[in-house]
Structure formats: structure tokens, C-alpha cells
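Reading the structure
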Amino acid sequence: MHATPTIERILRGTAIALVCLFFMFPIAWIMLMSIQTNETILRVPPSVVFAPTFENYQALITGKLETAAGTLEINFMRNLWNSLLLSTSSVALGLVLGVPAAYAFARLKFRGSEDIAFTLLSFRFAPPLLVLLPLTIYFQQLGLANTYGGLIWVYQLIVLPLILWIVRGYFEDIPADIEYAYRIAGHGFWATFRRIALPLAGPGIAAAGLLAFIFAWNNFVFALVLASADKQPVTVGALAFVTASGIQYGQVAAGIVLSIAPTFALALYAQRYLVEGLSLGAVKG
Amino acid sequence: MSEAMLRLDAVDKFYGPIDEGVHAVRAVSMTVEKGEIIALLGSSGCGKTSTLRMVAGFEAVSRGRIHLAGREVQSLAPVRRNVAMAFEGYSLYPTVSVRDNIAFALKAARLAEAEVARRVGAVAEMLEITDILDRFPHSISGGQQQRASLARALIRKADLHLLDEPMGQLEPQLRTLLRGRIKHFIKERGLTAILVTHDQTEANALADRIAVMEGGVLQQYASPAEIKERPANLFTGTFVGEPPMNVFPASVAEAGGRLHIDLQGGLDLVYDLADFAAPVRERMLAARDVVIGVRPHAVRRAATGAPATVVANQWLGDQSHIAARFAGGAIVLVEHDRAALAEGAPITVAIRPEDLHLFDAATGQAISHGQALAG
Ligand SMILES: Nc1ncnc2c1ncn2[C@@H]1O[C@H](COP(=O)(O)OP(=O)(O)O)[C@@H](O)[C@H]1O
Ligand SMILES: [Mg+2]
């Protein structure tokens, strides 16, 4: 190891600080907002000196929003629960469907397999609203509108292509001969998939699952159109803070903090997997 | 029953569409008897691995048929063919120890724990990997991985053992040592094995028969001695043997009651008609344009003969390799003693008629080996 020149160290430190500031500032700002009242937030000129208050969180958790026009019932905790339910179930279903499919696309090169895989990916290209309009009508006819099942199904549009493409890359990275060696020793196709391919692609599957979870969690428009209040996730639920008597900035901020907390924690915890999953799996075709 | 253990009938392999893709294996037919060790010998890219993988079932057979232990297998799944294989790239399971890698198949066959341990111990000892049994594949060297992979294949009871360059990564001493042990192991258990190699010493030492391949074509399939003494064509002649056979284009003519073999550069080898049997002579004269071949060990320095000029003289510790300019090309001689020959020294070389191999210049097929007609 040789000593890095001081000037380089300073420049690098400054650059890192700037990047951190750029990305962390909004989060820090929101956190500060979430412990202020609407009055202190809207103060001119703005100031960072204020008496912290937890009434925003209290309002969210108890579900009673005090506004100038009186008390408003909101159901933010319900939204949070919906988010968790929808995202978790969607990812679970996505993994059950997507991982075997990814394996098939990686291992069984059949006529048109590339086209089918690409078609699945292209679901991600279409503006969701384009799909949503016809879907709304079908869902109403099928009785799927405003059901968790229906939402989880639509969420597959987000979750499946992601899982499919990332996990497929991982499967393709496993040398086929390792699986052949296992199969020739007297094991069938499915045993090989379960005992050799799945464990070896484990990190990729975890990364794809995490990423899909975050995408599902952040989805807004599907639930906005297809579900009513009691099934809506936090992204949509936050709209409730736009009330007749103005926007409740403090509660919006607290809501945002609560809603990004799970994905934020998840991302921090699984950073390594995510970076690996994205850089290794996703760039491969 | 005298059914061969393995029979390939005109097997073709195309990577990509049939008749359009890479034609890796071309109409290969061969049989392997039970208990035989066969070496598949050829340079890199000649189709050895492709052939093996078709037998194992990892590559589809484009054309032709494969019979294994009396069953037609080319459309059976690998798991149902009852073959064991050591892969060129080792392909150990990265998530389990070397010991479990080796024992996997035995456990799948529901063998008693003690019996598994005993067999793993024995094969590990034979291959000198006892001390790494509890390590994981990524933490051992390439040579050790290769032996672990070989152990995984050899430990199994199967109709056929396919070993794809199983010793390529080993240092020479270990290779020589293991060669003997592996042969003993296979013979003792009556296993049938196909061993892919590009090392002719290994093929000669291990195999009952050698299948020489080049360009996807099976060039010759015979015992090591037969291949050495009676190469079927120019390729086998020059590919097998160390140093390689000397070859020279020539034309054959009869003049003045003697047989003249005219080499390039105005050189003329003259033999008595009686030196060659009548049928051989007839074939030589009929072919006219030929290639003559002579093994370096068979070239002698003599008082009378054809002139040559020494260009290099190397003492290898147990033999001399002497290279000399000869007939517009170069000839190599091997002698068992040191030769006091400096660069530029003139020598005369003699080639006995019984050491001459003749090949058809147009087709490369052998015409004769000494007194005997080829084929
Ligand atoms: N999967 C493949 N796809 C296309 N060509 C291949 C494939 N595997 C091998 N080949 C080609 O087939 C020929 C024979 O290869 P291989 O059987 O591996 O030779 P060897 O084992 O004798 O070195 C080579 O030209 C090689 O490039
Ligand atoms: Mg090979």
C-alpha cells in the first residue's frame, strides 16, 4: 500500500460528500418534515429550528387526522398492511412461476424461446395505463376488480419479467456439465433442478425477489385504478392527505417515512445481493 | 453373448442444423468390447469430446445409432444409459465437499454408509487425494479437482466409463504413477472405459486399442503396436510416434531391373526388385506418385546411402536427435549414443526396404509397410 496523495483524498472525500448529500438530502428533509407541524413546515423563511413533535405519526397510527375542518378518518395502517400483503404475495407467486420458467429458458433452447422470453420482458415496456383500461373492464366482468387476488395477478406484470430475466442469467452462468454430472449419476431432471440448479442460483433468486419486492411496493397506478380504499397500498393511501383544507405536509412526510422504511431497510440489509443480482444477472441476455 | 459393450454405427454430429452447422463428428463407426480400455486420441478440436458426449447423452446424435450393453440408446435420457463420466472441465458440485462429490452417486444408489466410506477411501488413496477429501472444490488446485472428478466417475459401477482428458492437469511424475494405478483399477474390476487424450504416451500405456481421430473422422482403430507398425494413412503415420515419422513425396519407377524411388532434389533411392514382394511392387508402380515414410528410429547412418547434411544434433540424455537436410526437406534420425556430429557435417543415410511405409500421394491411404501390403 502506498499513501494516496492528500489532494486526491480531499477531492475524493468532497465528491463522496456531494453524492451523499444529493441522494440523502431528500430523505433527511422528509424525515425532518415528518416531525414538524404544518405551520412550522410552511414557515417563511424556512428554518431548521423547531420543536419536534410526533403527532403526525400518532395521527397515522391511530387513524385520526386532525385538520382545520375537523377530524378525518384515515386508514394508513391498513394501507401499509395492504402493501405488505400485495408485495409479498406477488413476489412469492412470481418466484413460484418465474424461477422454473427462467430455468426452462436458460436450459431448454427451443424454437422461439428467445422470442417468448423477450415478449415477457416487453411487458415492462408498455405504459401500465395502456394495459389497465381494458383490464378494468375484464376484471369487473370476472369479479376480480377490487380483490387481492386480482391485484396480485396484475402485479405479475411487474414482478414476473424482472424475476425471469435476472434468474435466467444466473441459471445460464451455472455450467451445464455440473447438472449433467448429477443427472448421469442417476438423478432425474427435477431432482437436478432442485438439488443442483436452485442452490447454485440462490443469490440470484434472492436478488430478483428483493428487487421485485421493491418494484411491487412502489407501484401506484395498478392499485389506484383496480382497487378501492380498503385494498390500496401506501403509495395510493398517501393521497388521502390531500384534503379539502389543504395538503397535510407533516402527515404526508410521516406517511412517506413509514412507507419507505421497509424497502429501505430491506435494501440496506441485502445491498450485496442486489448489486450482484443487477450487475451479474440483468446485463446478460 | 458376444454382443459388444458399445457400438457406434455411422454416427454424425452437427452443431446447428444438420448438413449446415459445424460437422464435428463424421460417420464414426466403432465397437468396444466388455473389459476393454479404449483411447480416443486426436488433436484439439477433432471431435473427441463430442463423440463422448453423444455416448453419454448430453449431445443429440445427428445421424447414426449407438448401442450400449445391447440397447439402442441414442434417444434415451442420460440417466437411463448407465454410464459414468469424468468431465473435461471437472464439473464438481461447488456446494459440497470433495468427499460428498465422490460419494454422491453411491448415496443415490442407497449403499450402506460404511461401504460408501470404504470405497471413497480406496479410490481417494489410489488417486492421492485422501488429504483433500474434506475440502471444497473451489479451495483445491486444478489437478486436485481433476482427480476428484476422476474419482467420482471411477467409483461408480456402470456399463461404460467415459473419461475426458482425465489427467491433462497433472504433472508428469504423478501422471505416470496414476496411469499404472488407473489401468490396474479398471482391469481389476472388469470395467469398460473410453479415455479421451491428446497424449499418445498415455494412449499407448493405458489402452488396449486406440481410436485415432482427426477432423471428426475416425482415422484408424487398432492396437497401439498395429498403429505404430501399420499406420492406415499418412495422418496416423505422422501423428503417432515421437519424434514424428519422416515423410517425403516421391515417384516410383522400374528401370534396369531395379526399383527407383525418386525423391525431390534429384535424390534417388534404389532397391533390388527382390527387396519388395511382387504384389507390393505392383501397387507401388501402379500408384506412381507416393509419399514415403520412415520412422526416425529406423534411419541409419551407413557407409553407402543417400547424402544428407546435419543441421542440428541434440543429446537428450538417453538418445540423440539428429536433424539433417535431405531430399529438399529434412530428415530426423534417432541414435542411442552421443554422435560427434557438428552442424554442417555431411552424412550418408540408409533406409532399409522393410522400414519403408508407402502412402498414396493423392488419398493419403497407406499402400505398404515394408514387405506387407496395407489394408
Ligand atoms: N457446443 C458447440 N457448439 C458448436 N460447435 C462446437 C460445440 N462443441 C464443440 N464444437 C466444435 O466441434 C468441434 C469438435 O469439438 P470437440 O468435440 O470438443 O473436440 P475435442 O474434444 O477433440 O477437442 C470443434 O470444431 C468445436 O469447435
Ligand atoms: Mg475435448
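Throughout, residues of each chain are indexed from 1 in the direction in which the sequence is written. The lettering of chains begins at A and the numbering of ligands begins at 1, in the order of writing. Only residues with pLDDT of at least 70 are given local features in this predicted model, and only at 80 or more are side-chain atom pairs given and counted; all residues enter the totals for whole chains, interfaces and linings. Hydrogen atoms and water are omitted, and side-chain values are computed over all heavy atoms in the structure.

1. With respect to the overall build of chain B
Selection rule: Working definition: helices are DSSP H or I runs of at least four residues, strands are E runs of at least two. Numbering for both runs from the N terminus. In what follows, residue pairs with any heavy atoms lying within 4.5 Å of each other are defined as contacts. Using a 1.4 Å probe, the Shrake-Rupley method yields the accessible areas, and only the shown protein chains count as cover for residues. Residues scored as charged are limited to Lys and Arg (positive) and Asp and Glu (negative), so that His and the chain ends carry no count. Taken as the charge location is NZ of Lys, CZ of Arg, CG of Asp or CD of Glu.
On a plain count of helices and strands, chain B comes out with nine helices and 21 strands. For chain B, the spread of C-alpha atoms along the three principal axes comes to 80 × 45 × 40 Å. The long-range share in chain B, meaning contacts at least 24 apart out of those at least 6 apart in sequence, stands at 64%. Accessible surface, chain B as shown: approximately 16400 Å² in total, 50% of it carbon and sulfur. Once the 40 positive and 43 negative side-chain charges of chain B are each reduced to a mean point, those two points are 6 Å apart.

2. Overview of the site of ligand 1
All names here are of chain B. How we decide: Residues are labelled near a given molecule or strand when at least one of their non-hydrogen atoms is within 4 Å of it. Residues adjacent in sequence count toward polar contacts only when both atoms are side-chain atoms; beyond that, a polar contact is any pair of N or O atoms within 3.5 Å, and within protein one must be able to donate a hydrogen and the other to accept it.
Taken together, Tyr15, Ala24, Ser43, Ser44, Gly45, Cys46, Gly47, Lys48, Thr49 and Ser50 are the residues near ligand 1. The contact in question runs from an oxygen atom of ligand 1 to an N or O atom on the backbone of Gly45, over 2.6 Å. Contact between ligand 1 and Lys48: an oxygen atom at 2.9 Å from a main-chain N or O atom of the residue. Contact with the protein chains covers 61% of the free accessible surface of ligand 1, which is 560 Å². By residue number, the principal contributor to the shell around ligand 1 is helix α1 (residues 48-56), which donates three residues.

3. Topic: the coordination of the magnesium ion (ligand 2)
Note on metal geometry: ideal angles are 109.5 degrees for four donors arranged tetrahedrally and 90 or 180 degrees for six donors arranged octahedrally. All names here are of chain B. Quick note on the threshold: Donor selection uses N, O and S atoms within 2.8 Å of the metal (3.2 Å for Na, K and Ca). Since no water is included, sites may look incomplete. With a 1.4 Å probe rolled over the protein chains alone, any residue whose accessible area is under 20% of its type maximum counts as buried; one over 50% counts as exposed, and the rest are partly exposed.
Within the first shell, the magnesium ion (ligand 2) binds the protein through Thr49 (OG1) and Glu88 (OE), at distances of 2.0 to 2.7 Å. Here the residue Thr49 occupies a position in helix α1, and Glu88 occupies one in the loop between β6 (83-86) and α2 (98-108), the gap between them amounting to 39 residues. A relative accessible area of 40% places Glu88 in the partly exposed class.

4. Describing the side chain of B:Arg152
Under the convention used in this document: We count a salt bridge whenever a side-chain nitrogen from Lys or Arg sits within 4 Å of a carboxyl oxygen from Asp or Glu.
Take B:Arg152: it is sitting in helix α4 (residues 142-154). There is no salt bridge for the buried B:Arg152, and the closest opposite charge comes from A:Asp177, which lies 8.5 Å off by N-O distance. Of the polar contacts made by the side chain of B:Arg152, one reaches the backbone oxygen of B:Tyr90; its length is 3.1 Å. Not counting chain neighbours up to four residues away, the residues in contact with B:Arg152 comprise A:Ala181, B:Phe87, B:Tyr90, B:Ser91, B:Leu92, B:Tyr93, B:Asn101 and B:Ile102.

5. Side note on the domain arrangement of chain B
Residues and elements named next belong to chain B. Test applied: What marks off one domain from the next here is an automatic or database domain assignment. What counts as buried area is the accessible surface, traced by a 1.4 Å probe, that two parts surrender upon association, with contributions from both included. For this classification, Asp, Glu, Lys and Arg are treated as charged, while Ala, Val, Leu, Ile, Met, Phe, Trp, Tyr, Cys and Pro are nonpolar and the rest, including Gly, are polar.
Domain boundaries in chain B define domain 1 (4-235) and domain 2 (239-373). If you average the C-alpha positions of domain 1 and of domain 2, the two centres end up 38 Å apart. Contact with domain 1, which involves 14 residues of that partner, is made by 16 residues of domain 2. Summed over both partners, the interface of domain 1 with domain 2 comes to about 1300 Å²; 62% of that surface belongs to carbon and sulfur atoms. Considering only the side of domain 1, the residues that lose the most area to domain 2 are Gln200, Lys228 and Leu234, jointly responsible for 40% of the buried surface there. Run the count over domain 1 and domain 2 and you get zero salt bridges. Run the count over domain 1 and domain 2 and you get seven residue pairs in polar contact (both at pLDDT 80 or more). Secondary structure elements with two or more residues in the side of domain 1 that touches domain 2: α7 (224-229) and α8 (234-239). For the side of domain 1 that touches domain 2, the element with the highest residue contribution is α7, accounting for three residues. The residue makeup of the side of domain 1 that touches domain 2, split by class, is seven nonpolar, four polar and three charged.

6. Considering the sheet that holds strand β18 (residues 346-350) of chain B
Residues and elements named next belong to chain B. Heads up, the condition is: We call two strands paired when DSSP finds no fewer than two bridges between them. Axis angles are defined between N-to-C directions and span 0 to 180 degrees, where every axis is a line fitted to C-alpha atoms and, for a helix, only to the segment in contact.
What the four strands build is an open sheet, ordered β17-β16-β15-β18; its pairing is antiparallel. Looking at strand neighbours, the two that pair on one side only are β17 (329-335) and β18, the edges of this open sheet. Along the sheet, successive strands turn relative to each other by an average axial angle of 50 degrees, direction set aside. Note: strand β16 (residues 320-326) against β17, seven bridges, orientation antiparallel. In the sheet register, Ala323 faces β17, and the bridge partner there is Val332.

7. Some thoughts on helix α8 (residues 176-184) of chain A
Burial analysis of α8(A) places eight of its nine residues in the buried class, which makes it a mostly covered element. Looking only at α8(A), the buried set comprises A:Asp177, A:Ile178, A:Glu179, A:Tyr180, A:Ala181, A:Tyr182, A:Arg183 and A:Ile184. Here the buried face of α8(A) lies against α4 (76-107) and α9 (189-200) of chain A together with α1, β6, α2 and α4 of chain B. One or two steps after α8(A), the chain reaches A:Gly186, where phi turns positive at roughly 100 degrees.

8. Section: the packing of aromatic side chains
How we decide: Side-chain rings of Phe, Tyr and Trp (the six-membered ring for Trp) are treated as a pair once their centres are within 6.5 Å; stacked means planes under 30 degrees apart, edge-to-face means over 60, and tilted covers the remaining angles. Here, a charge over a ring means that NZ of Lys or CZ of Arg falls within 6 Å of the ring centre while also lying within 35 degrees of the ring normal.
Inspection of every chain in the model, using the stated rule, returns 21 aromatic pairs over all chains. Arranged with centres 5.2 Å apart and planes meeting at 85 degrees, the rings of A:Phe22 and A:Phe23 form a pair that is edge-to-face. Overall, the relative accessible area of 54% leaves A:Phe23 in the exposed class. Aromatic side chains A:Tyr180 and B:Phe58 sit 4.3 Å apart centroid to centroid with 15 degrees between the ring planes, which places their arrangement in the stacked category. Pair noted here: A:Tyr180 is in helix α8 and B:Phe58 is in the loop between α1 and β4 (63-68), and the two residues belong to different chains. Like B:Phe58, A:Tyr180 is buried. Note that B:Lys13 overlies the ring of B:Tyr15, its terminal NZ or CZ placed 5.1 Å from the centroid. Against the face of B:Phe185 rests B:Arg189, its NZ or CZ located 3.7 Å from the ring centre.

9. Thoughts on the domain arrangement of chain A
Frequently, the measure chosen for interface size is the accessible area that the parts lose on association. Residue and element names in this part refer to chain A. Assigned domains of chain A: these are domain 1 (3-73) and domain 2 (76-279). On a C-alpha basis, the centroid separation for the pair domain 1 and domain 2 is 30 Å. In this assembly, 20 residues from domain 1 lie in contact with 17 residues from domain 2. Interface area for domain 1 against domain 2, summed over the two sides, is near 1500 Å², with a carbon-plus-sulfur share of 78%. By the criterion of area lost to domain 2, the three top residues of domain 1 are Asn38, Leu60 and Leu65, representing 34% of everything that side buries. Taken together, the connections running from domain 1 to domain 2 amount to zero salt bridges. At the boundary of domain 1 with domain 2, the tally comes to three residue pairs in polar contact (both at pLDDT 80 or more). Mapped onto the side of domain 1 that touches domain 2, the elements with two or more residues apiece are α1 (6-34), α2 (38-42), α3 (55-62) and β1 (64-67).

10. Description of the packing of α8(A) against α9(A)
Residues and elements named next belong to chain A. Heads up, the rule is: In this scheme, a crossing is called left-handed if the near helix is turned counterclockwise away from the far one by less than a right angle; it is called right-handed if the turn is clockwise.
Put simply, α8 and α9 touch, their axes get as near as 10 Å, and they point 140 degrees apart. As α8 packs across α9, the resulting crossing turns out to be right-handed. Taken together, the residues of α9 that come into contact with α8 (itself represented by Ile178, Glu179, Tyr182 and Arg183) are Phe189, Ala191, Thr192, Arg195, Ile196, Ala197 and Leu200. In the contact of α8 with α9, the residues fall into seven nonpolar, one polar and three charged.

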